[in-house]
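An overview of the molecular structure
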Amino acid sequence: MDQSTPFEPKYKNPTRRECEEQIKRTLMTETLRQGANRHFKTAKDFMPIFEALYPSGPSLNKQVQRAVKSMNMPKDENGYFIVDKTKDQMEQDKEIARLLSKSFASVVDLPEYETLFLKTEPDYQAYLLQLLQESDTFKDKFITAIGSSNGILFLTENKALLSTMLNGLIS
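How each quantity is defined
Numbers given to residues run from 1 along each chain, matching the order in which its sequence is written. Residues qualify for local features only when their pLDDT is at least 70, as the model is predicted, and side-chain atom pairs are given and counted only at 80 or more; totals for whole chains, interfaces and linings, by contrast, use all residues. Excluded from the side-chain calculations are hydrogens and water; all other atoms, namely the structure's heavy atoms, are used. Here, the term nonpolar core denotes a set of buried Ala, Val, Leu, Ile, Met, Phe, Trp, Tyr and Cys residues that are joined through side-chain atoms within 4.5 Å. Three labels apply to residues, based on accessible area from a 1.4 Å probe with only protein chains included: buried if under 20% of the type maximum, exposed if over 50%, partly exposed otherwise in between. Per the convention used, a helix needs a DSSP run of H or I reaching at least four residues, while a strand needs a run of E reaching at least two, with both numbered from the N terminus. Contacts between residues were defined by any pair of non-hydrogen atoms, one from each residue, lying within 4.5 Å. Patches were defined on residues exceeding 30% relative accessible area and lacking a salt bridge, with like-charge contacts within 9 Å and nonpolar side-chain contacts (Val, Leu, Ile, Met, Phe, Trp, Tyr) within 5 Å. Exposure was quantified through the Shrake-Rupley algorithm and a 1.4 Å probe, taking into account, for residues, occlusion by the shown protein chains and nothing else. What makes a salt bridge here is a side-chain nitrogen of Lys or Arg within 4 Å of a carboxyl oxygen of Asp or Glu, nothing more. In short, DSSP must find at least two bridges between two strands for them to pair. For every element, the axis is a line fit to its C-alpha atoms; helices are fit only across the contacting stretch, and the angle between N-to-C directions ranges from 0 to 180 degrees.

Attention now moves to the nonpolar core. Counting 16 residues, the largest nonpolar core has Ile23, Leu27, Phe46, Phe50, Val64 and Phe81 as its most contacted members. When contributions to this core are tallied by element, the ones reaching two or more residues are α1 (16-34), α2 (47-53) and α3 (58-71). With 5 residues, the top contributor of residues to this core is α3. What Phe50 contacts, discounting residues up to four positions off in sequence, is Pro14, Cys19, Gln22, Ile23, Leu60 and Val64.

Now the structure itself:
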């Protein structure tokens with residue numbers, strides 16, 4: 001039978017899952033407030049938070065260590081945990097960054113361009129797209145043309161001119 005009085009709190013250590021949830025909340029709050037995690041590199045860094053909520057001891061320390069290990073969080077270049085990505089995502093991001101750098105990529109805003117969709121039968125779309133891309137008549141009339149499931153999507157500086165030219169050939 002329980003010998004505790006109503007005034008004595010019953011303390012128990014958190015489960016690993018509860019530790020993981022608290023660690024995620026802590027890191028998300030840190031990231032939202034500061035823009036990035038700049039305080040948490042190891043399980044030990046989370047201990048003041050857990051010790052404020054639970055009685056301190058070796059079992060609490062072990063549980064927090066297990067939670068951090070099971071979360072398998074990647075770290076940034078300074079060794080701080082990154083909460084919103086997995087290690088696999090970090091590797092993918094590194095590969096994408098490497099290829100973007102290698103290909104001298106840059107983001108280009110295209111506010112002056114318009115789209116035009118040419119609806120075609122799917123059986124003829126690929127060949128028609130090839131002809132339009134190789135055509136001297138249409139050479140400077142669009143920036144790019146992309147085949148889709150039932151037509152061709154154009155990005156152009158002069159939608160009216162491209163539309164008129166295409167409609168002239170359709171008639």
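The discussion continues.
On the secondary structure map, Leu131 appears in helix α5 (residues 122-134). C-alpha of Leu131 to C-alpha of Asp88: the two residues are 43 residues apart in sequence and 42 Å apart in space.

Another aspect to go through is a nonpolar patch on the surface. Together, Phe117, Ile146 and Leu153 make up a nonpolar patch on the protein surface, roughly 260 Å² of accessible area in all. Position of Ile146 among the secondary structure elements: in strand β2 (residues 144-148).

With that out of the way, let us pick up the sheet that holds strand β3 (residues 151-156). The strand order β1-β3-β2 describes an open sheet built from 3 strands, whose pairing is antiparallel. This sheet does not close on itself; its edge strands, each paired only once, are β1 (114-119) and β2. Strand-to-strand twist across the sheet, computed as the mean angle between neighbouring axes with direction ignored, equals 20 degrees. When β1 meets β3, the two strands line up antiparallel, connected through 6 bridges. From the neighbouring strand, Phe117 faces β3, where its bridge partner is Leu153.

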